[in-house]
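Observations on chain architecture
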Protein chains: 2
Amino acid sequence: MATRSPRQARSADKLDALRAAAGRLLIDQGPEAVTYRGVAVAAGLSPGSASYYFENRDELYAAAVEAAEEQRTAAAQARAESLDTQPRTADEVARLLIEVTYAPHVADDVVTLRLEPMLAAQRNERLRPTMAASRPRLLEALATVLTRSGHRSPGADDLDLLVQVIDAGLMYAWARGSEHVIDDATKTVARILTLIDQERQVDQERQAG
Amino acid sequence: MATRSPRQARSADKLDALRAAAGRLLIDQGPEAVTYRGVAVAAGLSPGSASYYFENRDELYAAAVEAAEEQRTAAAQARAESLDTQPRTADEVARLLIEVTYAPHVADDVVTLRLEPMLAAQRNERLRPTMAASRPRLLEALATVLTRSGHRSPGADDLDLLVQVIDAGLMYAWARGSEHVIDDATKTVARILTLIDQERQVDQERQAG
């Protein structure tokens, strides 16, 4: 087993701290906040220290996206698993799904702050694998919300469809100048949930009949 | 009734030609193609003539968006009404809905060429009313596709949902680096159609029962 010298250990700790800080800044304040100086200060290190660990802005941003996805999926899972099991209305479930997708916190500025940077990361060939890797864990958290709310967990394709509808709902509400982006998207997502749920009822009735 | 002098008539004709050319350029080549010079040349006028009619680039672009929406909705309606009435599969209908939404022509570069500029126009306070005004006519064309394919025309909310799913499907396929953006989106839209159609069957069965 490889052992690390105290110097190496300190260096690894600093790198961890910088990564975590970069992820938090990306989630809380958006891509512009991910600067060498901002990340170092947020990590409690000297302002110049980040440039020692990340060769260029792309490296720093890639680390931020990776950490942000880890923080997001961990928060999504924790939020989903904190729910007790009880029947919930389509509107309640829709809102929970939005909150879990954009864990740890979501507000009406979610489109510019998080959705657009995440879509941009997906489009970026270097960052795409990071985004794809966190997807299964996110879908699992959404499935947990559904099963704990008395809904059958849909298949992987429908879970993916749900995420697309969440994003489309948020984006359209925002593009239309709505001041209640999350409320508006909730209605759209609730409609899809109702349609998916209806299919379950039909299946059950056909099995029973 | 006001009459126009020959000079005024020529001036109005030129303005119409410039507007139509701006719309075509926007649809065929995207926002960057909408320049004073490009629009004038495309309209068959002298390169400097557009600056006489549009005070600044924003005026020119607003005229392009307005003309493009007119051309798009006219083409959408014409395409929908060219269809004969016959049963079509969910996949066939989904593809037609995508083609009609992005009439007069759609290809795998639709996200950067048309979807993103159209979302940006929606977000722009000056252009938003133009985008909103063309929406009902577009939804009507989509309803025509559905009824001519043996599907019940869904309510306005579900038609709006369909357009959101079309856009989400295109955007996700593109963000994931797919080379078959329209094929991928077709599957997503077909799934929603199946869910909406299922609801119709359930309603019919309940009425019959």
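Since the structure is predicted, the reported quantities are computational estimates derived from the model, not experimental observations.

Quick look at the packing of helix 4 (residues 57–81) of chain B against helix 6 (residues 110–123) of chain B
All names here are of chain B. Taken N-terminus to C-terminus, the directions of helix 4 and helix 6 make an angle of 120 degrees; their axes are 12 Å apart at the nearest point. Judged by the inter-axis angle, helix 4 sits oblique to helix 6. When you trace helix 4 past helix 6, the crossing you get is left-handed. Taking contact as the criterion, the partners of Tyr61, Val65, Glu69 and Arg72 in helix 4 are, on helix 6, Arg114, Pro117, Met118 and Ala121. Classifying every residue of the contact of helix 4 with helix 6 gives five nonpolar, no polar and three charged.

Examining helix 6 (residues 110–123) of chain A
Residues and elements named next belong to chain A. Here helix 6 contains 14 residues, and its C-alpha end-to-end distance of 18 Å stays within 8% of the 20 Å for a straight helix at 1.5 Å per residue. Taking burial as the measure, the 14 residues of helix 6 include 10 buried ones, the bulk of the element. Among the residues making up helix 6, those that are buried are Val110, Val111, Leu113, Arg114, Leu115, Pro117, Met118, Leu119, Ala121 and Gln122.

Things to note about helix 8 (residues 156–175) of chain B
Look at helix 8 of chain B: 28 Å from first C-alpha to last across 20 residues, which is about the 28 Å you get at 1.5 Å a residue. Counting buried residues in helix 8 of chain B gives 17 out of 20 residues, a clear majority hidden from the surface.

A closer look at the interface of chain A and chain B
Each partner contributes residues to the interface: chain A has 32 residues there, and chain B has 32 residues. When the two sides are added together, the surface that chain A and chain B hide from each other amounts to roughly 3000 Å², 51% of it contributed by carbon and sulfur. Considering only the side of chain A, the residues that lose the most area to chain B are Arg123(A), Gln164(A) and Tyr172(A), jointly responsible for 21% of the buried surface there. Taken together, the connections running from chain A to chain B amount to six salt bridges. Residue Asp160(B) pairs with Arg176(A) through a salt bridge whose shortest N-O separation is 3.0 Å. Where chain A meets chain B, there are 10 residue pairs in polar contact (both at pLDDT 80 or more). Every element with two or more residues in the side of chain A that touches chain B is listed here: helix 6, helix 7 (128–147), helix 8 (156–175) and helix 9 (181–208) of chain A. The biggest single contributor to the side of chain A that touches chain B is helix 8 of chain A, with 13 residues.

Structural notes on the UniProt feature "DNA-binding region" (unreviewed entry) in chain A
UniProt marks residues 35–54 of chain A with the feature "DNA-binding region" (unreviewed entry), using the numbering shown here. Secondary structure content for residues 35–54 of chain A is 55% helix and 0% strand, and the end C-alpha separation is 11 Å.

Brief notes about the relation of the copies chain A and chain B
Superposing chain A onto chain B takes a rotation of 180 degrees combined with a translation of 0.0 Å along the rotation axis, leaving an RMSD of 0.0 Å. Here the two chains are linked by the operation of a two-fold rotation axis. Taken as a fraction of all interface residues of chain A, those also at the interface in chain B reach 100%, which identifies the copy contact as same-surface.

Topic: unusual backbone geometry
Between Ala103(A) and the following residue, Pro104(A), the backbone shows a cis peptide bond with an omega angle of 5 degrees. Among the structural elements, Pro104(A) can be located in the loop between helix 5 (90–101) and helix 6.

Analysis parameters
Residues numbered from 1 in each chain as written. Chains lettered and ligands numbered in written order. Predicted model: local features only at pLDDT ≥ 70, side-chain atom pairs only at ≥ 80, totals over all residues. Heavy atoms only, no water. Axes fitted to C-alpha atoms, helices over the stretch in contact; angles between N-to-C directions. Helix = DSSP H or I, 4+ residues; strand = E, 2+ residues; numbered from the N terminus. Parallel < 35°, antiparallel > 145°, perpendicular 65-115°, else oblique. Left-handed = near helix turned anticlockwise from the far one by under 90°. Contact = heavy atoms within 4.5 Å. Nonpolar A, V, L, I, M, F, W, Y, C, P; charged D, E, K, R; others polar. Expected span 1.5 Å × (residues − 1). Buried < 20%, exposed > 50% of the residue type's maximum accessible area, 1.4 Å probe, protein only. Buried area = accessible area lost by both parts, 1.4 Å probe. Salt bridge = Lys/Arg side-chain N within 4 Å of Asp/Glu carboxyl O. Polar contact = N/O pair within 3.5 Å; in protein donor to acceptor, adjacent residues only side chain to side chain. UniProt positions renumbered as here; feature names shortened; annotations may be inferred. Least-squares fit on C-alpha atoms with pLDDT ≥ 70 in both.

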